[in-house]
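# What the coordinates show
If you want the building blocks of each chain, they are given just below.
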Amino acid sequence: MQHSITVELDQVTKRFGRIVAVNNVSLRLPDQGFVGLLGLNGSGKTTLLNLIAGLLRPTEGSIRLDGSRVTRQSGKQIAYVTDDQSLYGFYTIQETIGYAERVYPDFVRAAAEEIVTFLKFDVNKKVAQLSKGNKMRLNIAIALARRVPLLLMDEPLAGLDPLVREDILKMFVHFGCIYQKTIVISSHEVSEIEPYLDYAIFMKEGQMTLYASAEKIREEREQSMLNVMREYCV
Amino acid sequence: MTSWITLFYKEFRASKMWIYFNILLILIGAAVFFFIDETQIVLYSLLVMILFHVIYLPVWVIYSIFTEWKNRTLVHWFNLPHSGFVLLTAKYVAGIVMMIVSLIVCNSLLVLLYSSILDTSNELVIQASDWFVTHFWSIFVGTMIMAIFSGTQVVCAIIIAKSATRFGLIFVAIFLLLPTLFQILFHDTIGYTKLVSWGMTTSASAEWLHPLLLNQHETLPAINVLSELTIFSLGIMLPQLVYSILLIWISSKLLDKAVQV
């Protein structure tokens, strides 16, 4: 069984010149569960995920994984899927699985093949020939087949049709819960991911405005996440 | 090791267009042979072979990283759970292998062209052939090391640019000017002259070219450029190799600790 991971952000700020993308965010991610990172476009969700993934360095504050500062090599414990990044188009799906097996020490080939079968992919098709939705599904399949304690997904549902979005969310539920991990999904499609969330982080203009369990939000406020988002993100 | 080999082979799949373009350039270079004056062939072929391959690796590094960015795989590559040393060396060694293959193909084609275009009873042909046989490995190794040296500078420059949060271009400019500054400062010193001339594999002056140019009229600037380019000595090649390894190590550390994507 894989170990859980402690991710702590301490007064993290990220500036790009004069633009403050993330402003003084402090939080500790849960050891497991689905975490929704919610907010409008430009609220700092992508920047926050890039910081946690080690792709960016904070201007101020610190981000720690199990007590150690996050660096690029935190990729050993983090799988990161973004909507604007792809796998190598010249590989077929089968070759991509083989490639992932050889470059990711934590990759479980059987899990990837199970997911690919579930998705009914033609494994001899090149990645470049896949539609946008199928590329995202394959990306997520590769990430879910890794036995890492933290999975970050930046807008995995962006630009996809409703049926594909539903399929992807089912993938999370079906394959993501089998092995204990923390899955952080950033999205502004609040209503769609709400049923799956264990925790929600709301962002507005780079600041974290609310961080609570989904159950607590529903019990205390007796309203949908979308309405809560209107209150905390607009 | 498996990961390194996988990433190494991946570069060849990713560089398909580059390989086709490389072949095309070699063929175009070969085709030009049929149109230039016979007296210019040897000088032209040496210039093309050396200059083309010295800039090969720097251009390939830029092409490779640009391709990763264009195909939206840069974040994936950067996020791979391996040290910067593994990522960079797998990519760079693949480029070196492609460069060596190109150099070998170029040389082989030159041999074929010499025998088919030039008259084999020609004094020049005999001298050129003898010269290539005698100096082949020093030119080959010297060109390869020069290419590695220039390529690692480009790798390090790109890494420095992506590591600096401010004044990135200034740091890159300073870094790229370092070898030139070093040469300017120490060029006239005894130590530098001794180092450069230690283990000479080709002559430091243009005199060694003269047997190739018997009864020819070559332009002086071209001869000067060629003689500058082909000063190959252990005193030059070894420091270049050591500096290249150092730059790869520095780049790896920066990739792990400082680069932001």
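Residues numbered from 1 in each chain as written. Chains lettered and ligands numbered in written order. Predicted model: local features only at pLDDT ≥ 70, side-chain atom pairs only at ≥ 80, totals over all residues. Heavy atoms only, no water.

As recorded in an unreviewed UniProt entry, chain B goes by ABC-2 family transporter protein and comes from Fontibacillus panacisegetis.

The name given to chain A in an unreviewed UniProt entry is ABC-2 type transport system ATP-binding protein, with the source organism recorded as Fontibacillus panacisegetis.

Each partner contributes to the interface: chain B provides 32 residues, whereas chain A provides 29 residues. Here chain B and chain A share an interface that buries about 2700 Å² over both sides, 52% of which is from carbon and sulfur atoms. Where chain B touches chain A, the interface holds 2 salt bridges. Residue Glu-95 of chain A pairs with Arg-13 of chain B through a salt bridge whose shortest N-O separation is 3.3 Å. For the pair chain B and chain A, the interface holds 22 residue pairs in polar contact (both at pLDDT 80 or more). When residues of the side of chain B that touches chain A are assigned to their parent elements, the largest contribution, 7 residues, is made by helix α1 (residues 2-14) of chain B. Taken together, the residues of the side of chain B that touches chain A break down into 13 nonpolar, 13 polar and 6 charged. (Contact = heavy atoms within 4.5 Å. Buried area = accessible area lost by both parts, 1.4 Å probe. Salt bridge = Lys/Arg side-chain N within 4 Å of Asp/Glu carboxyl O. Polar contact = N/O pair within 3.5 Å; in protein donor to acceptor, adjacent residues only side chain to side chain. Helix = DSSP H or I, 4+ residues; strand = E, 2+ residues; numbered from the N terminus. Nonpolar A, V, L, I, M, F, W, Y, C, P; charged D, E, K, R; others polar.)

Okay, the pairing of strand β3 (residues 33-39) of chain A next. Residue and element names in this part refer to chain A. β3 sits mainly inside the fold: 7 of its 7 residues count as buried. Residues of β3 alternate between two faces, with Gly-33, Val-35, Leu-37 and Gly-39 on one and Phe-34, Gly-36 and Leu-38 on the opposite face, all of them buried. Relative to strand β9 (residues 199-204), β3 runs parallel, the two sharing 5 bridges. Paired with Val-35 across the bridge in β9 is Tyr-199. (Buried < 20%, exposed > 50% of the residue type's maximum accessible area, 1.4 Å probe, protein only. Pairing = 2+ DSSP bridges.)

Right, let's get into the confidence of the model for chain A. When pLDDT is averaged along chain A, the result is 88, and 97% of the positions lie at 70 or above. Within chain A, the lowest mean pLDDT, 79, falls on helix α8 (residues 225-233) of chain A, and the highest, 96, falls on helix α2 (residues 93-103) of chain A. (pLDDT = per-residue confidence, 0-100.)

Residues and elements named next belong to chain A. Spatially, the 4 strands line up as an open sheet ordered β2-β1-β4-β5, and their pairing is antiparallel. Two strands close off the open sheet at either side, each with one partner strand: β2 (19-28) and β5 (68-69). Sheet topology note: the strand β1 (residues 7-16)/strand β4 (residues 60-65) ladder contains 5 bridges and is antiparallel. When the sheet's bridge partners are listed, Val-7 is paired in β4 with Leu-65.

All names here are of chain B. The terminal C-alpha atoms of helix α2 (residues 16-32), which comprises 17 residues, lie 25 Å apart, in line with the 24 Å expected from a rise of 1.5 Å per residue. Residues Trp-18, Asn-22, Ile-26, Gly-29 and Ala-30 constitute the buried set of α2. Burial along α2 is one-sided: seen end-on, the buried residues are contained in an arc of 115°. α2 presents Met-17 and Leu-27 as exposed residues on the side facing more than 90 degrees away from its buried surface. (Expected span 1.5 Å × (residues − 1). Arc of directions from axis to C-beta.)

Attention now goes to the nonpolar core. Among the nonpolar cores identified, the biggest contains 128 residues, and Leu-9, Leu-29, Leu-138, Ile-140, Leu-150, Leu-152 and Phe-202 of chain A are the most heavily contacted of them. Counting residues per element, this core draws most heavily on helix α6 (residues 84-117) of chain B, which supplies 12 residues. In this structure, Leu-29 of chain A is in contact with Val-7, Val-35, Ile-52, Leu-150, Val-184, Ile-201 and Tyr-211 of chain A, ignoring residues within four places of it in sequence. Ranked by size, the runner-up nonpolar core spans 6 residues in total, among them Ala-157, Ile-160, Val-172 and Phe-175 of chain B. (Core = buried A, V, L, I, M, F, W, Y, C linked by side-chain atoms within 4.5 Å.)

This part takes up the packing of α2 of chain B against helix α4 (residues 56-70) of chain B. Residue and element names in this part refer to chain B. Interaxial distance between α2 and α4 falls to 11 Å at its minimum, and their mutual angle equals 150°. Taken together, the axes of α2 and α4 are roughly antiparallel relative to one another. Where α2 crosses over α4, the handedness of that crossing is right-handed. Here Met-17, Trp-18 and Asn-22 of α2 come into contact with α4, specifically with Tyr-56, Val-59, Trp-60 and Tyr-63. The class makeup of the residues in the contact of α2 with α4 is 6 nonpolar, 1 polar and no charged. (Axes fitted to C-alpha atoms, helices over the stretch in contact; angles between N-to-C directions. Parallel < 35°, antiparallel > 145°, perpendicular 65-115°, else oblique. Left-handed = near helix turned anticlockwise from the far one by under 90°.)

Attention now moves to the sheet that holds strand β7 (residues 150-154) of chain A. Two orientations exist for strands paired in a sheet by backbone hydrogen bonds: parallel and antiparallel. All names here are of chain A. Spatial ordering of the open sheet is given by β6-β7-β8-β3-β9-β10, a layout of 6 strands whose pairing is mixed. Either end of the sheet is taken by a strand with one partner, and the two such strands are β6 (78-82) and β10 (207-213). Strand-to-strand twist of the sheet, defined as the mean angle between neighbouring strand axes without regard to direction, takes the value 15°. As paired elements, β6 and β7 share 5 bridges and run parallel to each other. Considered in β7, the bridge of Tyr-80 is made with Leu-152. Against the sheet, helix α4 (residues 132-144) touches β6 and β7, its axis set at about 175° to β6. Set on the sheet, helix α7 (residues 214-221) makes contact with β9 and β10; between it and β10 the angle comes to about 90°.

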